[in-house]
Amino acid sequence: MTDLPTLVVIAKTPVPGRVKTRLSSRVSAVDAAAVAQAALLDTLDALTSAPARRRVLLLAGPAGPWVPDGWDLVAQVDGGLDHRIAAGLGKLGDGPALLVGMDTPQVGPALLEVDWGAYDACLGRATDGGYWALGLADPALAPQVVEGVPMSRSLTGQVQRQRLRDAGLRVADLPELRDVDTPADADAVARLAPHTRFARRWREVTAR
């Protein structure tokens with residue numbers, strides 16, 4: 001790695017009824033929010049352990065005492081997810097930036113390694129067709145390559161990768177991960193990463 005990136009987590013404040021609503025087919029809205037907070041904390045831990053020039057929490061909603069030391073808080077702008085990602089990355093300034101969502105608590109520091117001397121962008125695609133991570137050597141390009149990408153679709157990752165390629169960027173593919181959206185996802189990820197906060201909380205709320 002030739003340059004340390006700014007690491008960004010894009011997240012919503014874990015408020016019942018506003019996060020992980022698809023888990024509510026098995027658990028209450030309060031428990032779903034607790035599971036979301038656990039997943040977010042696992043993600044923040046992973047990125048805290050990874051080498052970085054700066055760490056940014058791009059947050060929709062108020063911050064809580066769960067925000068770790070050493071993280072800069074930046075409020076998300078209004079609009080669709082493509083616009084919020086583009087705006088959040090686009091104003092970071094010089095140096096590479098890597099954005100990660102809050103839905104992959106199994107992520108670890110080793111999955112975030114990118115040789116920014118060899119690549120202009122990176123993309124971590126999700127098994128549902130979306131993506132869990134997006135990185136740019138020049139984050140000022142974010143509006144150009146992210147705005148207009150249809151989000152939360154089965155082709156989101158494919159379209160995003162093509163946008164990066166169409167811009168002439170050399171793209172590193174990060175490992176594919178499973179997002180936690182549904183109870184089946186939560187079961188699978190908890191088995192894969194049983195020692196995470198997320199897995200412990202998921203086992204707790206589903207055992208009631």
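Owing to the predicted nature of the structure, the values given are computational and were not obtained by experimental measurement. (Residues numbered from 1 in each chain as written. Predicted model: local features only at pLDDT ≥ 70, side-chain atom pairs only at ≥ 80, totals over all residues. Heavy atoms only, no water.)

Core analysis: the largest hydrophobic core is formed by 31 residues, its most contacted members being V9, L47, L57, L98, L112 and W132. Only β1 (6–12), α1 (29–49), β2 (54–60), β4 (97–100), β6 (131–136) and β7 (171–177) provide two or more residues apiece to this core. Per element, the largest residue contribution to this core is seven residues, and it comes from α1. Residues contacting V9, with those up to four places away along its chain left out, are L40, T43, L44, L47, V56, L57, L58, W71 and V100. One finds L92, L99, V145 and L164 within the second-largest nonpolar core, a separate group that totals 23 residues. (Core = buried A, V, L, I, M, F, W, Y, C linked by side-chain atoms within 4.5 Å. Buried < 20%, exposed > 50% of the residue type's maximum accessible area, 1.4 Å probe, protein only. Helix = DSSP H or I, 4+ residues; strand = E, 2+ residues; numbered from the N terminus. Contact = heavy atoms within 4.5 Å.)

What follows is about the packing of helix α5 (residues 183–192) against helix α6 (residues 197–206). The N-to-C vectors of α5 and α6 enclose an angle of 125 degrees; their axes lie 9 Å apart at closest approach. Judged by the angle between their axes, α5 and α6 are oblique. In the crossing of α5 with α6, the sense of the turn from one axis to the other is left-handed. Seen from α5, the contacting residues are P183, A186, D187, V189 and A190; seen from α6, they are F198, A199, W202 and R203. For the contact of α5 with α6, the per-class residue count stands at seven nonpolar, no polar and two charged. (Axes fitted to C-alpha atoms, helices over the stretch in contact; angles between N-to-C directions. Parallel < 35°, antiparallel > 145°, perpendicular 65-115°, else oblique. Left-handed = near helix turned anticlockwise from the far one by under 90°. Nonpolar A, V, L, I, M, F, W, Y, C, P; charged D, E, K, R; others polar.)

The set of residues buried in α6 consists of F198, A199, W202 and V205. Projected down its long axis, α6 carries its buried residues within an arc of 135 degrees, all on one side. Residues of α6 that are buried in the fold lie against α1 and α5. (Arc of directions from axis to C-beta.)

The axes of two packed helices give the description: the angle between them and the distance between them. Where α1 meets α6, the axes come as close as 8 Å, and the angle between the chain directions of the two elements is 165 degrees. With respect to each other, α1 and α6 are oriented roughly antiparallel. Two packed elements cross with a definite hand, and for α1 against α6 that hand is right-handed. Along its contact with α1, which presents D31, A34, V35, A38, A39, L41, D42 and D45, the element α6 presents R197, F198, R201, W202 and V205.

The subject of this paragraph is the sheet that holds β7. A sheet is described by the order of its strands in space; here seven strands give the open sequence β3-β2-β1-β4-β6-β5-β7, paired in mixed fashion. Each having just a single partner strand, β3 (72–75) and β7 make up the two edges of the open sheet. On average, each strand axis in the sheet is tilted by 20 degrees relative to the strand beside it, whichever way the strands run. When strand β5 (residues 121–126) meets β7, the two strands line up parallel, connected through five bridges. Within β7, the position partnered with L123 by the bridge is D173. Strand contacts of α1: β1, β2 and β4, with the helix running at about 175 degrees to β1, the strand carrying the most contacts. Taken strand by strand, helix α2 (residues 81–90) contacts β1, β2, β4 and β6, and its axis lies near 35 degrees from that of β6. (Pairing = 2+ DSSP bridges.)

Secondary-structure assignment places A172 in strand β7. Linking A172 and T156, residues 16 residues apart in sequence, is a C-alpha distance of 17 Å. Sequence-distant contacts of A172, defined by excluding residues within four places in its chain, comprise Y119, A121, C122 and L123.

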